[in-house]
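A structural walkthrough
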Amino acid sequence: MAQLDDLAFFLRLAQCGSLTATARELGLSLSAVSKRLKQVESRLGVELANRTTRRLTLTAEGELYCRRGALILDDLGELEETIGDRRADLSGRLRINATFGFGRCHVAPLLSSFCQHHPALSAWLELTNFPMNLSDQGFDIGIRVGEPPDSRLVARRILANRRLLCAAPSYCQAMPRLEVPADLGHHRCLVIRENDSDFALWRFEPRGEAGQTRSVKVGGEMASNDGEVITQLAIDGHGVMLRSWWDVHEHLAAGRLVELMPGWQGVRADFHAVFDQRRHVPQRIHTFIDYLEHSMVDRVPPLPEFPQVPPVDSPAP
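A few points on the structure. Please read all numbers here as calculations on a predicted model, not as lab measurements.

Turning next to the sheet that holds strand β12 (residues 241–244). Ordered by their spatial adjacency, 3 strands build an open sheet running β12-β7-β13, and the pairing between neighbours is antiparallel. Only two strands of the sheet have a single neighbouring strand rather than two, namely β12 and β13 (258–259). Here strand β7 (residues 163–167) runs beside β12; their pairing, made up of 4 bridges, is antiparallel. Across the sheet, L165 pairs through a bridge with L242, a residue of β12. Of the strands in this sheet, β7, β12 and β13 touch helix α9 (residues 245–254), which is tilted by about 105° from β12.

In structure tokens form, the structure reads like this:
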């Protein structure tokens, strides 16, 4: 029906936020998108959006059309997906958002193998520095670190993870005392700097006393906005870093890094797959999250209960 086509077009327009972005998303010319919007408005007899090529702002009528229309399309989609779920093969769209590091290392290869088993799926993986809003951006699944703050999202843990304080053995041989978080003020800390702050805030818990968090401001002479750079700097002996277990377990096992401060541990940073609550969740979403959860067991070993801290020579007084 033309009405449903118009509605789907306008919802995509609202999600993209501009005529230019919509044209790029749909593979159309800018003039074609502008003309289509005018046709929808002409049919409805109202103005749905104030627009320039760079920005689009919905009118009150446009917001109503978008809000109520999304419910209509969701109901139709759920009906078709319920019918489609009766088939053995998974099909339809699967759009996923994840962070760059974890997304490249784990989500991308698992999505590739999943789609090999389900060739009728249409998959899209978008990697970003920060998590994106699922409903506003049209994502089916988001991969998040920590518990999602949005209560409207359903979360399933796919990987138990914790941040670890570690350094190269060469640094440990002559490092200052490091028994409690406050001692980090005397250390060269390798900071991932994602904003203009001169310091990072590292959080720890006394081992065996989860929930009793101690925060400490740290800084150092070397920093980067990229985690892989920080890891290499630590391996090269430039200082201590706080990184996730999933990212450093191979370096720890190989002896390139050792975990420090045995009486304390970094806070939990579990990975969850999240999706919007709705009456019917497509089977492809449940099946892919099941696949992530089961596959991660073979990719990242379980968290160790205690750090493996080798003895080091005390520095000269």
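Next comes the rest of the account.
Turning to the sheet that holds strand β5 (residues 141–145), a few remarks are in order. Strand order in this open sheet of 5 strands is β4-β3-β5-β15-β6, and the pairing throughout is mixed. A single partner strand is all that each edge strand has here, and the edge strands are β4 (121–128) and β6 (153–159). Adjacent strand axes in the sheet meet at a mean angle of 25° when their direction is disregarded. Pairing of strand β3 (residues 92–99) with β5 involves 2 bridges; the strand directions are parallel. Pairing of N97 across the sheet is with G142, part of β5. Sheet strands touched by helix α5 (residues 100–117): β3, β4, β5, β6 and β15 (271–276). Its angle to β3, the strand with the most contacts, is close to 160°.

Moving on, we get to the packing of α5 against helix α10 (residues 283–299). Running from N to C, α5 and α10 point in directions that differ by 120°, and their axes come no closer than 10 Å. In terms of orientation, α5 and α10 fall into the oblique class. When the axes of α5 and α10 are compared, the crossing they make is right-handed. Every residue of α10 that contacts α5 at F102, C105, H106, P109, L110, L111, S113 and F114 is listed here: R284, T287, F288, Y291, L292, S295, M296 and R299. A breakdown of the residues in the contact of α5 with α10 according to their chemical character gives 10 nonpolar, 4 polar and 2 charged.

Moving on to the packing of helix α2 (residues 19–26) against helix α3 (residues 30–44). Two numbers describe a pair of packed helices, the interaxial angle and the distance between the axes. The geometry of α2 relative to α3 is characterised by a closest axis approach of 8 Å and an angle of 110° between their N-to-C directions. One element, α2, and the other, α3, form an angle in the roughly perpendicular class. Each of L19, T20, T22 and A23 in α2 lies in contact with α3, whose residues at this interface are L30, V33, S34 and L37. Along the lines of polarity and charge, the residues of the contact of α2 with α3 split into 5 nonpolar, 3 polar and no charged.

Take I230: it is sitting in helix α8 (residues 227–235). With relative accessibility at 1%, the residue I230 sits in the buried group. Sequence separation between I230 and V240 is 10 residues; the distance between their C-alpha atoms is 9.4 Å. In contact with I230, other than residues within four places in its own chain, are L190, V191, I192, A223, S224 and M241.

Conventions we followed
- Residues numbered from 1 in each chain as written.
- Predicted model: local features only at pLDDT ≥ 70, side-chain atom pairs only at ≥ 80, totals over all residues.
- Heavy atoms only, no water.
- Pairing = 2+ DSSP bridges.
- Helix = DSSP H or I, 4+ residues; strand = E, 2+ residues; numbered from the N terminus.
- Contact = heavy atoms within 4.5 Å.
- Axes fitted to C-alpha atoms, helices over the stretch in contact; angles between N-to-C directions.
- Parallel < 35°, antiparallel > 145°, perpendicular 65-115°, else oblique.
- Left-handed = near helix turned anticlockwise from the far one by under 90°.
- Nonpolar A, V, L, I, M, F, W, Y, C, P; charged D, E, K, R; others polar.
- Buried < 20%, exposed > 50% of the residue type's maximum accessible area, 1.4 Å probe, protein only.

Function-wise, these values are silent; they only describe arrangement.
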